[in-house]
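A look at the structure
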Amino acid sequence: MKGQEFVLVLFLVCAIAISLISFLIYKSTIKASSEDGAGIKNPLKKRLYFLLLWGGVLIIIMSVTIPKSPYFMYTEQTPTMVINVQAMQYAFIMTDETENPTFEIPAGKMVEFRVTSNDVTHGFAVYNPNNVLVTQTQAMPGYVNKLRWVFDEPGKYNILCTEFCGIGHATQTGSMRSDFIVK
Amino acid sequence: MHKSLLVFTFGFFCGLNLYSQSQEYNLSEEDRLYTKVENVKILTTRGEMLSLSQMYVREPFVLALVFTRCIGVCSPLISNFKEKISELNPKEKFKILVVSFDTADTKADLDNYAKLFNLNQNENWVFATTGQIPELIESVGFHPEWDSSRRQFEHDALLVGINGNGYIVKKLIGIRNIRAVESMIKEISNEFVISYPLPHNNSILSCFTYDPITGKKKPKFGLFLLLVPAIGTVILLVIISRQKKKKISENY
Amino acid sequence: MNISLKRITSTWIITILLLFFTAIILGITMRFNQGKVISIDDGKFYGIMTTHGMTMIAIWAVAGMVGVHYLLSRYINVGAGLSKFAFIMTVIGVAMFYVTTFIGHFHAGWTFLYPLPFKNSFAWESWATPMFFWSLTVLGVGWLVWSVGLLVAIFKKYSFSQTFAWQHLTKKDPEVQTPPLVLISAISLVGIVLCLLTAVVILVLSFAEIYSDGKFVNDPLLMKNLIYFFGHTIANESLYLGLGIVYELMPEISGRPKFKTTWYVALGWNFTLLFVLTAYFHHLYMDFVQPLGLQMFGQFASYFASIPSAVVTIISIIVLLYGHRIKWTITNLLFFIGITGWIIGGVGALIDSTISNNIFLHNTLWVPAHFHTYNALGNVLLILGFFTWVANEFSGSQTDPMRKLKLALLIIGGFGFVLMFYCGGAESVPRRYSVYPAEFTRAALFASAAAWFAIIYLLGMSLIFVDIFKKCIRVYSSSHSDSSVA
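Residues numbered from 1 in each chain as written. Chains lettered and ligands numbered in written order. Predicted model: local features only at pLDDT ≥ 70, side-chain atom pairs only at ≥ 80, totals over all residues. Heavy atoms only, no water.

Bringing the nonpolar core into the picture now. With 254 residues, the main nonpolar core has Phe113, Phe124, Phe151 and Phe180 of chain A together with Phe20, Trp269 and Phe387 of chain C as its most contacted residues. The element that contributes the greatest number of residues to this core is helix α7 (residues 180–211) of chain C, accounting for 21 residues. Ignoring any residue separated from it by four or fewer positions in sequence, one finds Phe387 of chain C in contact with Ile13, Ile16, Leu17, Ala63 and Ile468 of chain C. Counting residues in each nonpolar core, the second largest holds 58 residues, with Phe61, Tyr113, Leu158 and Val181 of chain B among its members. (Core = buried A, V, L, I, M, F, W, Y, C linked by side-chain atoms within 4.5 Å. Buried < 20%, exposed > 50% of the residue type's maximum accessible area, 1.4 Å probe, protein only. Helix = DSSP H or I, 4+ residues; strand = E, 2+ residues; numbered from the N terminus. Contact = heavy atoms within 4.5 Å.)

Here we come to the interface of chain A and chain C. Contacts between chain A and chain C engage 76 residues on the former and 86 residues on the latter. Of the roughly 7,100 Å² buried between chain A and chain C, counting both surfaces, carbon and sulfur atoms make up 70%. When the buried surface of chain A facing chain C is broken down by residue, Arg47, Tyr71 and Phe164 of chain A rank first, second and third, together holding 11% of it. Summed over the shared surface of chain A and chain C, the result is one salt bridge. Of the charged contacts in the structure, one is a salt bridge between Glu163 of chain A and Lys224 of chain C, with a shortest N-O distance of 3.9 Å. Across the contact surface, chain A and chain C share 26 residue pairs in polar contact (both at pLDDT 80 or more). Counting residues per element, the ones that place at least two in the side of chain A that touches chain C are α1 (3–31), α2 (43–65), β6 (133–139), β7 (143–150) and β8 (155–160) of chain A. Of the residues assigned to the side of chain A that touches chain C, the class counts are 43 nonpolar, 25 polar and eight charged. (Buried area = accessible area lost by both parts, 1.4 Å probe. Salt bridge = Lys/Arg side-chain N within 4 Å of Asp/Glu carboxyl O. Polar contact = N/O pair within 3.5 Å; in protein donor to acceptor, adjacent residues only side chain to side chain. Nonpolar A, V, L, I, M, F, W, Y, C, P; charged D, E, K, R; others polar.)

Residue and element names in this part refer to chain A. With mixed pairing, the five strands of this open sheet are ordered in space as β3-β9-β8-β5-β6. Unpaired on one side and paired on the other, β3 (104–105) and β6 mark the two borders of the sheet. Sheet analysis places β3 next to strand β9 (residues 179–182), joined by two bridges and oriented parallel. If you follow Ile105 over to β9, its bridge partner there is Val182. (Pairing = 2+ DSSP bridges.)

Following this line, the structure appears as structure tokens:
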């Protein structure tokens, strides 16, 4: 299951569970016989348990997810290819070192995008052949961000802008290169 | 006090005459990255005959391409780089290899050149000539042109960072600031540098600056600006909480 | 309670709700355009987007202020003057802002990410950028005076440490008790003052660039940090003001004993201030130039911001309600649903604040999904709860017609609306697109469905508004001797 589907399912499960708990609490206030109903016994202790439980869950999730952050990916390897990306209103200029007219990236090999912007801040988001956002970085003027990635799935990848950059933001596929082929 | 604050603010914004040219993405600096440097043979001023691979397997190095007759950028390049390194005092181990790209340069010329910078005794600096100039400069993407009227090469001030596997991992063109040098040293030592500023990005509003006159790295105004609101809020809270209290019993 | 505070509160409520309707209609227009039901040109679309965002942020921040101002007058001596001043400044600021977007065609988004406002001179009138910053200045001055004024009023009665309830940390039953409303208001107001001072820095830097003829250039990274610190913090503090109101009113309306400040309430809210000020780093995860330590701290702060709020607020509400017979009215039902919506939105936010998820969720529709959840289904409902309560106070009437219908419309419309955003986010659809590229086959369908759901939400809101409006206008005709409040 791809990341996006996983987080949607996770979110919906949590949302339904929270709604259900809310509903049960609401029900309990309707059913309660008198104003001094039973309520929750030992609330301070339960609060402590909840604190420990929730804190523990957060620490576990953090220790699992932090190492998967993009900043630590493929840092030990040497890229097989560097693609220099200059974002501008409203296009991306991408140059690989050989300046091939057909822009191809080898499948299964680590490549490095060096992304910057000529004008305003843009987003550099790579969409795979099934139109799923696989990775991204921001294109900020004055700075170059290095985005390393391995494309396993062959096909045509598109680049879309993911930072609002003005009137042509939605159509920043431009006349220049905004896609590449993974072979 | 208010007056002086106003004068300060006004002076601050008017006195700054900042660069305003757009930051061009210099693609020649990106050329030949992650390719291997040509394994040429060099003759050092200490009389050693070495291949580049013999050098980089021992320690990564920064390659500087110069010619001794240069009346232009070569000397500033070397002296500036020397200055930046002594300023940084990096813990990483690496060598600096200065190679002449002028066929007229001899071992003795390079030796004198090293003495000019007081680097002839420095173990970390290697000055050398090579018989394979075209192969070397081609492999690092360096394109000097001979101007016969001036009897000088037209060329970039180029530093090439080579890591322990012989890959070109960073190139710097021009006389650069301390951050660029620092990031080059990190990269040749196989430390991943995820982002770097473009040349000319010396806006006063970034966080640190290198002052070439005092040779000190000092916090820039940008860092301070991030803290201004927090400091302002604390001062404000202290001021308004020190006013005279009314009796607590006034309300319930 | 003084009549002029009631009148200005009533004026605020009517103004806020009218602006809210305007902003919702702008939002529906955008979703219909994305759904290809209607077609407006891109410049107009982004102008509408900028107006929608700025209006929503502004009105819900001031709505929280209106609420705590009114309720704080139970504990501290605070007149209507500050609120009146802020109202005038807000009206002027918003009017100037509408001129920049509707006449000047300014459309850099309410986040006005540097250097976009300065790099688009061909897309909008040249006077629109400075006027935009001047409108922010007017709004900022009004709110800053208001926030500082309220803090001054609090400090007149409570010492510095009492305001932040530090005496509750060391003593079980201290002599001076800090009411939760005072503690939460003060914490939120400090955050608001801090982000407004940040706005001052942003404005000074922006004006320096505007009026120096290009001699002064800002650093995009610094500006992004400042802008997101401002934007993130003001959005979060608005919500905390709403929670302060819930702490004050929920027990009272539900017929349960008042909330008391305890050591964990004090500790929790003090920590909230710390976390909310540093969580903004999660907006810069995809800016690899930001120092790594700040990125890590961003995820830590975003996660742990949930601990004080979850352990303190949520459990307190559960303890208050569970197993007790509660008299439900529209007010406490809105509070209750609002808290639920806030938690659900928080789950969406936690998912996105995880760096390894952010790489595929950043600036997709997941982002508007989560913040619409805790605004439209969280903060808005909390504040609306206050509005219904205060309207009853103004009129002395407790009528509550069509309660079930109103709430059903809000819940169905609201959750349906945000669900379409979540689905879009899960399909990688980028946010802030006037039209979707053809590759996103279902994005247009989600957009038009969302617009219809928003109309349902708007219907529910209108029914509530009619009731509030009828009750609020009575305050203008009532005499000074009105004494329906303790």
